[in-house]
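# Breakdown of the fold
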Number of protein chains: 2
Amino acid sequence: MTENAVFSQNKVLTIDTMNPKVKNVEYAVRGPIVQRAVQIEKELREGVKKPFTEVIKANIGDAHAMGQQPITFFRQVLALCSYPELLKDNMFPEDAKSRARRILQACGGSSLGAYSASQGIDCVRQDVARYIERRDGGVPCDPDNVYLTTGASDGIVTMLKLLVCGEGASKTGVMISIPQYPLYSAALAELGAVQVNYYLNEEKCWSMDLSELERSLAEARKHCNPKVLCIINPGNPTGQVQSRQCIEDVIRFAAKEHLFLMADEVYQDNVYAEGCQFHSFKKVLFELGPQYSNTVELASFHSTSKCYMGECGFRGGYMEVINMDPEVKDQLTKLVSVRLCPPVPGQALMDLVVNSPQPGEPSYTTFMKERTATLRLLAEKAKLTEEILNTVPGITCNPVQGAMYSFPNISLPQKAIKEAKALGQAPDMFYCMKMLEETGICLVPGSGFGQKDGTYHFRMTILPPTDKLKILLAKVKEFHQKFTQQYS
Amino acid sequence: MTENAVFSQNKVLTIDTMNPKVKNVEYAVRGPIVQRAVQIEKELREGVKKPFTEVIKANIGDAHAMGQQPITFFRQVLALCSYPELLKDNMFPEDAKSRARRILQACGGSSLGAYSASQGIDCVRQDVARYIERRDGGVPCDPDNVYLTTGASDGIVTMLKLLVCGEGASKTGVMISIPQYPLYSAALAELGAVQVNYYLNEEKCWSMDLSELERSLAEARKHCNPKVLCIINPGNPTGQVQSRQCIEDVIRFAAKEHLFLMADEVYQDNVYAEGCQFHSFKKVLFELGPQYSNTVELASFHSTSKCYMGECGFRGGYMEVINMDPEVKDQLTKLVSVRLCPPVPGQALMDLVVNSPQPGEPSYTTFMKERTATLRLLAEKAKLTEEILNTVPGITCNPVQGAMYSFPNISLPQKAIKEAKALGQAPDMFYCMKMLEETGICLVPGSGFGQKDGTYHFRMTILPPTDKLKILLAKVKEFHQKFTQQYS
């Protein structure tokens, strides 16, 4: 054999030989439209002429990238933890220093650079537990049930990994809302689970209907083994805040139908609409009495990335598991140990979120001012977005009760739908791509989240600064009118 | 139906209904022995009397937890990035400030709290590429081939996810060294891939033998589809540093046998033994000429957790992919986008590692002093460990040429082996558990890494401070002698 002959013409890893489950993964929030937006930004920098001078990315809930300022106290403590020499400095308030000392004492070698326990730093989990207890009016929380995670995504995927198994008709089915946050569909594709869709009721402000849950479950039972029910509250991409009654119904349904509940509650502080209030699934579960609170299995997820913090880059988060079988918990602890630990700076940040400055502490006033201002601004922008979008003929936008997104319904002319389909594109992808090319605005088409057949939407974050948001909304309005005209 | 009747007696998620692949996962580095060590620590705190006053954890390569100090420059820049108000302060050197400004400018909203691109911050990937080029004597590196990761573990698991597929005889086989770092076996178990063992040659200082690779591959081809060859160099847990010739042989073997190479090179700065040198797989690949450098598919992994940094808690890392099919690369980029981005503080830290202070910059002298001192100390401790262990009758320790571990061979008396087996324990687990209970020293049994049948080992880090390491080694010696006597 000559030396050349040993070289195969084909690669080992090709699109045909790779893991087909990975090929099935889709993640619209960073999909083709965002890649095109990045290209356009590059073209603009290179001097290519466009009908706009700037790309406005309203595709992702990335608060700091949109100019939201970090909470001073959090960043002071993180700086102190990163470089403890600063503890000697007089420029930092005492409460920031004491938080930093407490976190460092809980770290191996008093360093953020040591691995933590795989479940997360003990004292952080204790602080999380106390935070949950305060939030839920005293419902007890055992720190042993708290797992720190690398953002909420990590916790969600880890729980799904434990839950998903089987083949054919006994393959695990996971019920997710449509529209959904595409982490869910992506994780299910990767794990090879069956995605079981239940539709939110757009007419009733994206609420969950019991009858729809029943329909969806009955349908799924014909071909798979539905074991899990996922809820996002406040809703992503849909911005609704579930009523207490609705949560109660969902819990009763899960108990009756023997489903494991996964509650994605990362927007728990992002509630804007009057009359709306965040109710944690855990609290409602315990209020339903021991028949429920001792039996229904629940995992709830939180994150440092949303709410008033918006600290996405730190990848901090936690999950609480309730009524988890002790043997399974051992397996969960083992599973997370393989990745050693969540990033320790993210754990420190999670600690600050659940153990924020208290009345009487030197940082309290500034902290509250910053927190309140951020949340008030978000509430204003939620209102503004809804109001302006609803002035556009052909756009109907539900109230943005919470979270960080509007998900308006858009009427698309038949001609546009035809043209899109001829190009092999989803009609709302066609619409959003055109908007990006003509206005520089980057939105995510509704098809990336799922929607009722024949309806079209886009997801738009409410995060840009108010002046920019107004420009953005005006441009969307103008574009929609022009688009409608062009294809009518 | 009464209300009570709706409550199922059984949980949804039990040890019998959970994902069986997760059950198959094992991770000895944080396994039962470490859990027992944590318990013992708790017992000591509670005043339980033990024949020792402190647990010494030599089970994991966690440098800072063992007292290694972080590099001042790195932590200064991280503090500046966390709390940019500090940029106004005069206490930080100019080069630290300029690095911080550069990183912040590359972050959305100039904040570590924004999501980065999923592949990692552009300028960090560029710095990584230049670092690789310098390291490899000018072999070109395209930043587009660099992916920042959440520690090296994340990159390794992501690559395996792409590679593993098929069922039955066409299931992907992944060749890993025995002994191995159990991340590999754990990931393969979770993905349902076939673990294909090749044995390192303990007699020849844990070198890789071509004949053994051939044997292992031929064997594997009878029942699966071996596609991947994983190498850890410098070795974990075995501490060997591969010769250039050996790497060349491995690359030729991979080319001939059509295998995808995964090179775990996280200990690339941890080379202590005289005559040993780190050769990257990429450099050797390019030195073999275009027949190889244009065809052999390679992924190489690095991390902020090891070398002189030891910053495990930040979960920073990168991987470089070479000769990856462009369609597959698109799939890889899509896959990593689902988790949004690696932790941004870890990305910043990775940047500092690959763009450290240069001659003429104000931090250069201190940086070099700290770096050199840490590596010199590690080299001393590597030597010390090997020497002392080899004075113990019944313990044979190969030179710790690199990495952070010794992996000595231990002779166990037949009586002890019998007693262990009667308890259903691996004999070296039995040995290590006894050592923990009697001395407070926490090691990981060789069975957690894999070893030739009938041989026994433990892995011990060389990280404890020299005085503590000496005590530890003396205790190991004493224990081994007592144990041998007791069971002879």
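Reading the values: rules and limits
- Residues numbered from 1 in each chain as written.
- Chains lettered and ligands numbered in written order.
- Predicted model: local features only at pLDDT ≥ 70, side-chain atom pairs only at ≥ 80, totals over all residues.
- Heavy atoms only, no water.
- Helix = DSSP H or I, 4+ residues; strand = E, 2+ residues; numbered from the N terminus.
- Rg over C-alpha atoms; globule rule 2.2 N^0.38 Å.
- Buried < 20%, exposed > 50% of the residue type's maximum accessible area, 1.4 Å probe, protein only.
- Contact = heavy atoms within 4.5 Å.
- Areas by Shrake-Rupley, 256 points an atom, 1.4 Å probe, with all protein chains shown as cover.
- Lys, Arg positive; Asp, Glu negative; His and termini not counted.
- Charge placed at Lys NZ, Arg CZ, Asp CG, Glu CD.
- Phe/Tyr/Trp six-rings, centres within 6.5 Å; stacked < 30°, edge-to-face > 60°.
- Salt bridge = Lys/Arg side-chain N within 4 Å of Asp/Glu carboxyl O.
- UniProt positions renumbered as here; feature names shortened; annotations may be inferred.
- Least-squares fit on C-alpha atoms with pLDDT ≥ 70 in both.
- Expected span 1.5 Å × (residues − 1).
- Polar contact = N/O pair within 3.5 Å; in protein donor to acceptor, adjacent residues only side chain to side chain.
- Domains from an automatic or database assignment.
- Buried area = accessible area lost by both parts, 1.4 Å probe.
- pLDDT = per-residue confidence, 0-100.
- Pairing = 2+ DSSP bridges.

The subject of this paragraph is the overall build of chain A. Scanning chain A from N- to C-terminus turns up 17 helices and 14 strands. For 488 residues, the compact-globule formula gives about 23 Å, and the C-alpha radius of gyration of chain A, at 24 Å, lands near that figure. Taken over the C-alpha atoms alone, chain A extends approximately 75 × 65 × 55 Å along its principal axes. Looking at the 488 residues of chain A, the share that counts as buried comes to 63%. Taking the contacts inside chain A whose residues are at least 6 apart along the sequence as the reference set, 71% of them involve residues at least 24 apart. When the accessible surface of chain A is totalled, it reaches about 17,600 Å², and 50% of it is carbon and sulfur. Here chain A contributes 53 positively and 54 negatively charged side chains, and the mean placements of these two sets differ by 4 Å.

Residue and element names in this part refer to chain A. The full count for this structure, using the stated rule, is 30 aromatic pairs over all chains. Between Tyr-267 and Tyr-405 the ring centres are 5.8 Å apart and the planes differ by 85°, which places this aromatic pair in the edge-to-face class. Of the two residues, Tyr-267 is situated in the loop between strand E6 (260-264) and helix H10 (281-287) and Tyr-405 in strand E10 (residues 405-406); the sequence distance between them amounts to 138 residues. The exposure class of Tyr-267 is buried, given its relative accessible area of 2%. Between the aromatic rings of Tyr-308 and Phe-367, the centroid separation amounts to 5.9 Å while the plane-to-plane angle is 75°, which identifies the pairing as edge-to-face.

Another point: the pattern of salt bridges. Inspection of every chain in the model, using the stated rule, returns 55 salt bridges over all chains. The salt bridge partner of Glu-311 of chain B is Arg-75 of chain B, with a shortest N-O separation of 2.7 Å. With Glu-311 of chain B in the loop between strand E7 (298-303) and strand E8 (316-322) and Arg-75 of chain B in helix H3 (residues 72-82), the pair connects residues that are 236 residues apart, well separated along the chain. Residue Arg-75 of chain B is classed as buried on the basis of its relative accessible area, which comes to 3%. One salt bridge connects Glu-287 of chain B with Arg-244 of chain B, and the closest N-O pair in it is separated by 2.6 Å. Highlighted residues: Glu-287 of chain B in helix H10 (residues 281-287) and Arg-244 of chain B in helix H9 (residues 244-257), separated in sequence by 43 residues. With relative accessibility at 41%, the residue Glu-287 of chain B sits in the partly exposed group. Judged by its relative accessible area of 27%, Arg-244 of chain B falls in the partly exposed class. In the salt-bridge network here, residues are joined through shared partners; they are Arg-244, Glu-248, Arg-252, Lys-283 and Glu-287 of chain A.

Feature annotation in UniProt assigns "domain: Aminotransferase class I/classII large" (unreviewed entry) to the following positions: residues 92-474 of chain A. Along residues 92-474 of chain A the backbone is 43% helical and 15% strand, and the end-to-end C-alpha distance reaches 43 Å.

What follows deals with the relation of the copies chain B and chain A. Superposing chain B onto chain A takes a rotation of 180° combined with a translation of 0.0 Å along the rotation axis, leaving an RMSD of 0.0 Å. Interpreted geometrically, this transformation is the action of a two-fold axis. For chain B, the residue whose C-alpha comes nearest the rotation axis is Ala-79 of chain B, separated from it by 2.1 Å. Here 100% of the contact residues of chain B are again contact residues in chain A; the copies associate through an equivalent surface.

Looking now at helix H5 (residues 122-135) of chain A. Residues and elements named next belong to chain A. In this model H5 runs 20 Å from its N-terminal to its C-terminal C-alpha over 14 residues, within 8% of the 20 Å that 1.5 Å per residue would give. Turning to H5, its buried residues are Cys-123, Val-124, Arg-125, Asp-127, Val-128, Ala-129, Tyr-131 and Ile-132. Taken together, the buried residues of H5 touch helix H4 (94-105), strand E2 (146-150), H10, strand E7 (298-303), strand E8 (316-322) and helix H13 (344-354). Positive phi appears at Gly-137, one or two residues downstream of H5, with a value of about 60°.

All names here are of chain B. Tracing the backbone shows Asp-428 in helix H16 (residues 427-439). Although Asp-428 lies buried, it forms no salt bridge, and the closest oppositely charged side chain, Lys-421, sits 10 Å away as judged by the N-O distance. A distance of 3.3 Å separates the side chain of Asp-428 from the backbone nitrogen of Gly-446, its partner in a polar contact. Excluding residues within four positions of it along the chain, Asp-428 makes contact with Ile-410, Leu-412, Pro-445, Gly-446, Ser-447, Gln-451, Tyr-456 and His-457.

Turning our eyes to something else, we now look at unusual backbone geometry. All names here are of chain B. Between Asn-233 and the following residue, Pro-234, the backbone shows a cis peptide bond with an omega angle of -10°. Tracing the backbone shows Pro-234 in the loop between strand E5 (225-232) and H9. With an omega dihedral of 10°, the bond running from Asn-236 to Pro-237 counts as a cis peptide bond. With respect to the helices, strands and loops of the structure, Pro-237 is situated in the loop between E5 and H9. A positive phi angle, close to 60°, is found at His-258, a residue other than glycine. Counting through the fold element by element, His-258 comes out in the loop between H9 and strand E6 (260-264). Positive phi, close to 60°, is recorded for Asn-323, a residue that is not glycine. Among the secondary structure elements, Asn-323 is positioned in the loop between E8 and helix H12 (326-337).

So, about the environment of Gln-414 of chain B. Residues and elements named next belong to chain B. The residue Gln-414 is located in helix H15 (residues 414-422) in this model. Take Gln-414: its relative accessible area is 60%, and that puts it in the exposed class. Residues Gln-414 and Ser-488 lie 74 residues apart in sequence; the distance between their C-alpha atoms is 7.7 Å.

Another point: the domain arrangement of chain A. Residue and element names in this part refer to chain A. Parsing chain A into structural domains produces domain 1 (20-67 + 374-486) and domain 2 (115-354). The straight-line distance from the C-alpha centre of domain 1 to that of domain 2 is 27 Å. Across the contact, 35 residues belong to domain 1 and 37 residues belong to domain 2. Summing the contributions of domain 1 and of domain 2, the shared interface buries around 2,900 Å²; its carbon and sulfur component is 59%. Summed over the shared surface of domain 1 and domain 2, the number is zero salt bridges. Contributing elements (two or more residues each) for the side of domain 1 that touches domain 2: helix H14 (364-389) and E10. If one sorts the elements of the side of domain 1 that touches domain 2 by residue count, H14 sits on top with five residues.

Note: predicted coordinates in regions of low pLDDT should not be interpreted at a detailed level. Taken as a whole, chain A shows an average pLDDT of 94; of its residues, 98% reach a score of 70 or greater. Overall, residues 1-6 of chain A carries pLDDT values under 50, and its contacts beyond four positions in sequence, including any with other chains, amount to eight contacts.

Once that is clear, we can look at the interface of chain B and chain A. At the interface, 99 residues of chain B touch 99 residues of chain A. Both sides of the chain B and chain A interface together cover about 8,400 Å² of buried area, and 60% of this is carbon and sulfur. Among the residues chain B hides against chain A, the three largest losses belong to Val-12, Leu-13 and Tyr-115 of chain B. Together they make up 9% of the total. Connecting chain B to chain A are four salt bridges.

Turning next to the sheet that holds strand E10 (residues 405-406) of chain B. Residue and element names in this part refer to chain B. Pairing in this open sheet of three strands is antiparallel, and the strands run E10-E14-E13 from one edge to the other. Because the sheet does not close on itself, it has two edges, and the strands there are E10 and strand E13 (444-445). One ladder, built from two bridges, connects E10 with strand E14 (residues 458-461); its direction is antiparallel. In the strand pairing of E14, Ser-406 is matched with Met-460.

What follows concerns the pairing of E8 of chain A. All names here are of chain A. Most of E8 sits out of view: seven of its seven residues are buried. Side-chain alternation along E8 places Gly-316, Tyr-318, Glu-320 and Ile-322 on one buried face and Gly-317, Met-319 and Val-321 on a second face that is also buried. Relative to E8, E2 runs antiparallel, the two sharing five bridges. Note on E8: the bridge partner recorded for Thr-149 is Gly-317. As judged from the six bridges shared by E7 and E8, these two strands associate in the antiparallel manner. By the bridge assignment for E8, Leu-298 is matched with Ile-322.

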